[in-house]
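# Structure assessment
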Amino acid sequence: MNLRQLLGRVGLWLSVLTIVSPAILFFLWMASLSLKFEVDNAAYPPVFIPENFAWKNYADVLASNRFLTYFVNSVIVTGSATGLAMLVGVPAGYGIARMAAHKSAVVILIARITPGLSYLIPLFLLFQWLGLLGTLVPQVIIHLVVTVPIVIWIMIGYFETTPLELEEAALIDGATRWQVFRHVALPIAKPGLAVAFILAVIFSWNNFVFGIVLAGRETRTLPVAVYNMISFDQLSWGPLAAAALIVTAPVLLLTVMAQRQIVAGLTAGAVKGG
C-alpha cells in the first residue's frame, strides 16, 4: 500500500467517524442518563459514568404508564402494517419493474415523499365516521400509507437489477407468471425483501403522530408511552432515557441480526444483472 492509498483510507475513516460520532455520542449519553439518579443527571459538571447505577429506572418504566400494554400494541400495529405492506408491495414492485411502468413508479415516489400528516385529517374524519377511533384498526391502516410506498419503491429498484434470463427460461418451460414470481423472482430477491422489511418496521415502529391522534388510552403505541412520561411539573431524565432505549432496542436488535442481508440488499443495485 502506497502513501496515497494510505492517506485515502485514513481520510475515509476520519470522514466516517465525523459523520457517525454525533449519533454514537447521543446514544451513549442516553444510556448514561438511563443509568443515573436524578441527582447525577442534574449535576454540573455533567457526570457521564456514575458511581451508583440506577437500574430502577428501567424497572419503573416497565411497571408504570401501561408500558407493556403499549409494547404489545406496537408489536400488533407494526407487525400487521409491515406484513400487509410486504404482501401488497412486493408483487406491486415486481409488476411495475417488469412492465417498466415508470409513471406508476413516479406516483409511488410522490406517495413516499408526501408527509404522513397530509393523510391524517381526511383519514381521521373517515375513521370517526366509521366509529373506529380509539382502536388499533385505524393505526394499522394509516401505517400502510407509510410502509407500502417504502416496500414498493425498494422492490422496484431491486427487481430492475435482477436477471431476466431465468424468468424467461421458466416461462418457456411452461411456468405461469405467478409461478415465475413465486419460485424464481422471490428467492433471488431475498436481500431486497430484507431491506424493505427492516425499513418498513423502522418507519412504522417509530411513528409518533398517528398513535397520539388516532389511538385511545388503551391502544397507544410505545412512542406515545415515552411522550406520556413528560409532565408539566417534573421531568425525570432517567426514566425518560430508559424508556427511549427500550423503544429503540427491538428495532436495533432486528437490524443487527439482519445486517448481512441489509448490506447485500443495499449494494445489489450497484451491478446490473443479465
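Residues numbered from 1 in each chain as written. Predicted model: local features only at pLDDT ≥ 70, side-chain atom pairs only at ≥ 80, totals over all residues. Heavy atoms only, no water.

An unreviewed UniProt entry annotates the chain as Carbohydrate ABC transporter permease originating from Bradyrhizobium jicamae. Regarding the chain, the relevant UniProt record gives this comment under Sequence similarities (unreviewed entry): "Belongs to the binding-protein-dependent transport system permease family." UniProt's Subcellular location (unreviewed entry) comment on the chain is quoted here verbatim: "Cell membrane". (UniProt positions renumbered as here; feature names shortened; annotations may be inferred.)

### Some details on the overall build of the chain
Helices and strands together make up the secondary structure of the chain, namely 14 helices and zero strands. The secondary structure elements of the chain, listed N-terminal to C-terminal, are α-α-α-α-α-α-α-α-α-α-α-α-α-α. Along the first, second and third principal axes, the C-alpha atoms of the chain reach 75 × 70 × 30 Å. Looking at the 274 residues of the chain, the share that counts as buried comes to 35%. For the chain, contacts bridging at least 24 residues in sequence account for 74% of all contacts bridging at least 6. With the model as given, the accessible surface of the chain reaches about 16200 Å², and the carbon-plus-sulfur share is 71%. (Helix = DSSP H or I, 4+ residues; strand = E, 2+ residues; numbered from the N terminus. Buried < 20%, exposed > 50% of the residue type's maximum accessible area, 1.4 Å probe, protein only. Contact = heavy atoms within 4.5 Å. Areas by Shrake-Rupley, 256 points an atom, 1.4 Å probe, with all protein chains shown as cover.)

### A closer look at the side chain of glutamine 139
Inspection of the secondary structure assignment puts glutamine 139 in helix 7 (residues 136–159). On the basis of relative accessible area, glutamine 139 is assigned to the buried category, the value being 0%. Aside from chain neighbours lying at most four places away, what touches glutamine 139 is Val77, Gly211, Leu214, Ala215, Thr219 and Thr221.

### Concerning the UniProt feature "transmembrane region" (unreviewed entry) in the chain
When the UniProt feature table is mapped onto this chain, "transmembrane region" (unreviewed entry) is found at residues 12–31, 70–94, 106–130, 136–159, 192–215 and 235–256. Secondary structure within residues 70–94 divides into 100% helix and 0% strand; the distance between the first and last C-alpha atoms comes to 35 Å. In this annotation, residues 106–130 is assigned 88% helix and 0% strand; the end-to-end C-alpha distance for the span is 32 Å.

### Regarding the packing of helix 10 (residues 190–205) against helix 13 (residues 237–257)
Close contact between helix 10 and helix 13 brings their axes to 10 Å; oriented N to C, the two are set at 175 degrees. In this view, helix 10 runs roughly antiparallel relative to helix 13, as classed from their interaxial angle. Together, Phe197, Ile198, Val201, Ile202 and Trp205 of helix 10 and Val247, Pro250, Val251, Leu254 and Thr255 of helix 13 make up the contact between the two elements. Here the residues of the contact of helix 10 with helix 13 sort into nine nonpolar, one polar and no charged. (Axes fitted to C-alpha atoms, helices over the stretch in contact; angles between N-to-C directions. Parallel < 35°, antiparallel > 145°, perpendicular 65-115°, else oblique. Nonpolar A, V, L, I, M, F, W, Y, C, P; charged D, E, K, R; others polar.)

### Comments concerning helix 7
Taking 1.5 Å of rise per residue, 24 residues should cover 34 Å, and helix 7 covers 33 Å from first to last C-alpha, within 8% of that figure. The sharpest bend along helix 7 reaches about 35 degrees and sits at valine 145, with the proline proline 149 one to four residues further on. In terms of burial, helix 7 is largely enclosed, as 18 of its 24 residues are buried. (Expected span 1.5 Å × (residues − 1). Bend = angle between axes of the 7 residues up to and from the residue.)

### Section: the side chain of threonine 219
Note on placement: threonine 219 falls in the loop between helix 11 (209–214) and helix 12 (222–228). Within the local environment of threonine 219, its side chain forms a polar contact with the backbone oxygen of glycine 134, the two atoms lying 2.9 Å apart. Aside from chain neighbours lying at most four places away, what touches threonine 219 is Asn73, Gly134, Thr135, Leu136 and Gln139. (Polar contact = N/O pair within 3.5 Å; in protein donor to acceptor, adjacent residues only side chain to side chain.)

### Description of the nonpolar core
One finds Val90, Val151, Met155 and Phe159 to be the most contacted residues of the largest nonpolar core, which totals 34 residues. Secondary-structure elements contributing two or more residues to this core are helix 4 (67–99), helix 5 (102–113), helix 6 (117–130), helix 7, helix 9 (177–188), helix 10 and helix 11. If we skip the residues at most four places from it in the chain, valine 90 touches Ala85, Val151, Met155, Phe159, Phe181, Leu186 and Leu193. Tyr70, Trp205, Ala242 and Val251 belong to the second-largest nonpolar core, a separate cluster that totals 14 residues. (Core = buried A, V, L, I, M, F, W, Y, C linked by side-chain atoms within 4.5 Å.)

### Some remarks on helix 10
For helix 10, which comprises 16 residues, the first-to-last C-alpha distance of 22 Å matches the rise-based estimate of 22 Å (1.5 Å per residue) to within 8%. Within helix 10, burial applies to Gly192, Leu193, Ala194, Val195, Ala196, Ile198, Ala200, Val201, Ser204 and Trp205.

### Thoughts on the packing of aromatic side chains
Applying the stated rule across the entire model yields five aromatic pairs. Between tyrosine 94 and phenylalanine 159 the ring centres are 5.2 Å apart and the planes differ by 80 degrees, which places this aromatic pair in the edge-to-face class. With a gap of 65 residues between them, tyrosine 94 in helix 4 and phenylalanine 159 in helix 7 connect regions that are remote in the sequence. Among the residues examined, phenylalanine 159 registers a relative accessible area of 0% and is labelled buried. (Phe/Tyr/Trp six-rings, centres within 6.5 Å; stacked < 30°, edge-to-face > 60°.)

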